[in-house]
Amino acid sequence: MRASLIQIGADEGESVESRRCRVASLVRAEAGADLVVLPELWTTGAFAYERFATEAEPLDGPTYEAMAKAASDAGVWLHAGSIPERDPEGPLYNTSLVFSPAGELVAAYRKIHRFGFDKGEAVLMGAGTELVTVSLPGTTVGVATCYDLRFPELFRGLVDAGAETIVVSAGWPERRRAHWTLLARARAVENQAYVLACGTAGTHAGVPQAGHSIVVDPWGEVLAEAGGGEEVLRVEFEPAKVGETREQFPALKDRVLGVAVPPRRD
Ligand SMILES: O=C(O)CCC(=O)C(=O)O
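Residues numbered from 1 in each chain as written. Predicted model: local features only at pLDDT ≥ 70, side-chain atom pairs only at ≥ 80, totals over all residues. Heavy atoms only, no water.

In this section: the site of the ligand. Every residue close to the ligand is listed here: Glu40, Phe47, Lys111, Phe115, Cys146, Tyr147, Arg150, Gly171, Trp172, Pro173 and Arg176. Residue Tyr147 places a main-chain N or O atom 3.0 Å away from an oxygen atom belonging to the ligand. Taking Arg176, its side chain carries an N or O atom lying 2.5 Å from an oxygen atom of the ligand. Taking 290 Å² as the accessible area of the ligand by itself, protein coverage stands at 99%. Considering only residue class, the shell around the ligand consists of six nonpolar, one polar and four charged. (Near = heavy atom within 4 Å. Polar contact = N/O pair within 3.5 Å; in protein donor to acceptor, adjacent residues only side chain to side chain. Areas by Shrake-Rupley, 256 points an atom, 1.4 Å probe, with all protein chains shown as cover. Nonpolar A, V, L, I, M, F, W, Y, C, P; charged D, E, K, R; others polar.)

Encoded structure:
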């Protein structure tokens with residue numbers, strides 16, 4: 001399976017409309033790949049909080065239109081990263097969109113773990129409540145977004161739902177780059193799954209981005225890793241390796257569920 005992770009920047013000097021056109025061309029240029037992945041909130045930048053409301057769009061808005069067309073023009077499965085979604089009946093959501101090679105929207109995932117503690121996304125957006133998987137030929141893909149990477153139970157839930165490849169779309173800051181790499185590898189090892197994690201480049205809203213998009217195999221080996229700037233990270237991987245790894249080293253079968261938790265003593 002050939003995957004291309006398009007690590008772009010979300011610089012304020014570029015309008016959202018021209019970035020959308022640029023990203024659509026980059027996706028089209030990946031014709032021949034099976035799966036193309038974009039980062040989190042690439043229209044606005046994940047830290048450009050004041051732009052979430054002004055640039056929010058309905059699920060079938062301009063980013064949907066452009067990405068559906070780019071996916072079908074290129075004939076690829078496209079994880080189009082996330083948009084600030086405006087739900088007419090609710091709050092904003094940080095929503096990832098996945099398109100088939102025919103340009104149909106096959107999944108929308110509202111980020112479950114919102115980042116920012118008492119500010120930013122955590123207060124400006126609503127939390128998703130549903131795990132999302134998508135069946136691609138040869139592998140089932142689980143969908144996660146940025147801060148979700150810190151929550152192993154979400155990934156285990158995706159594995160329980162059949163995920164063998166987990167795509168993480170992110171806008172991870174440079175300051176915690178070491179966590180990004182470590183957590184991507186940890187999630188791959190503990191779930192014996194491929195992890196394809198696509199971040200952003202450059203700086204937006206004054207926050208330098210880590211870049212370093214990464215693809216990790218089910219044994220925890222790094223198959224490919226980007227640098228810090230804009231880059232298309234291309235990788236070829238073998239989905240059957242998930243089943244082989246799980247069979248040869250069947251740690252997932254040794255899970256002990258429902259262990260009693262003692263009361264806290266503090
Ligand atoms: O967990 C982190 O360090 C970064 C998370 C983040 O930037 C996000 O979810 O937007």
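Looking now at the side chain of Thr200. Considering the arrangement of structural elements, one finds Thr200 in the loop between strand 9 (194-198) and strand 10 (203-204). Looking at Thr200, its side chain comes within polar contact range of the side chain of Gln209, at 2.7 Å. Beyond its immediate sequence surroundings of up to four residues, Thr200 is in contact with Gln7, Ile8, Pro39, Glu40, Ala170, Gly171, Trp172, Gln209, Ala210 and Gly211. (Helix = DSSP H or I, 4+ residues; strand = E, 2+ residues; numbered from the N terminus. Contact = heavy atoms within 4.5 Å.)

Throughout the structure, instances matching the rule amount to zero disulfides. With no disulfide of its own, Cys21 has Cys198 as its nearest cysteine by sulfur position, at a separation of 19 Å. Residue Cys21 is classed as partly exposed on the basis of its relative accessible area of 43%. Cysteine Cys198 remains unbridged, with the sulfur of Cys146 as its closest cysteine sulfur at 11 Å. (Disulfide = S-S within 2.5 Å. Buried < 20%, exposed > 50% of the residue type's maximum accessible area, 1.4 Å probe, protein only.)

Right, let's talk about the packing of helix 1 (residues 16-28) against helix 3 (residues 62-74) for a bit. At a minimum axis distance of 8 Å, the contact between helix 1 and helix 3 shows a crossing angle of 20 degrees. In terms of axis orientation, helix 1 runs roughly parallel to helix 3. Judged by the twist between their axes, the crossing of helix 1 over helix 3 is right-handed. On the side of helix 1, the interface is formed by Arg20, Val23, Ala24, Val27 and Arg28, while helix 3 contributes Pro62, Thr63, Ala66, Met67, Lys69, Ala70, Ala71, Asp73 and Ala74. (Axes fitted to C-alpha atoms, helices over the stretch in contact; angles between N-to-C directions. Parallel < 35°, antiparallel > 145°, perpendicular 65-115°, else oblique. Left-handed = near helix turned anticlockwise from the far one by under 90°.)

Moving on, we get to the packing of aromatic side chains. Tallied over the full model, the rule gives eleven aromatic pairs. Here the aromatic rings of Tyr49 and Phe52 are separated by 5.7 Å at their centres, their planes lie at 75 degrees, and the arrangement is edge-to-face. With Tyr49 and Phe52 both in helix 2 (residues 49-55) and three residues apart, this pair spans about one turn of that helix. In this structure Phe52 comes out as buried when scored by relative accessible area, which is 1%. Judged by centre distance (4.9 Å) and plane angle (65 degrees), the rings of Phe115 and Tyr147 are edge-to-face. Note that Phe115 is positioned in the loop between strand 5 (105-110) and helix 4 (121-124) and Tyr147 in the loop between strand 7 (139-145) and helix 5 (152-160), a separation of 32 residues in sequence. Each residue in the set Phe47, Tyr49, Phe52, Phe115, Phe117, Tyr147 and Phe151 is aromatic and connected to the rest through ring pairs, giving one cluster. Over the aromatic face of Tyr93 sits the side chain of Arg110, whose NZ or CZ is 3.8 Å from the ring centroid. (Phe/Tyr/Trp six-rings, centres within 6.5 Å; stacked < 30°, edge-to-face > 60°. Lys NZ or Arg CZ within 6 Å of the ring centre and 35° of its normal.)

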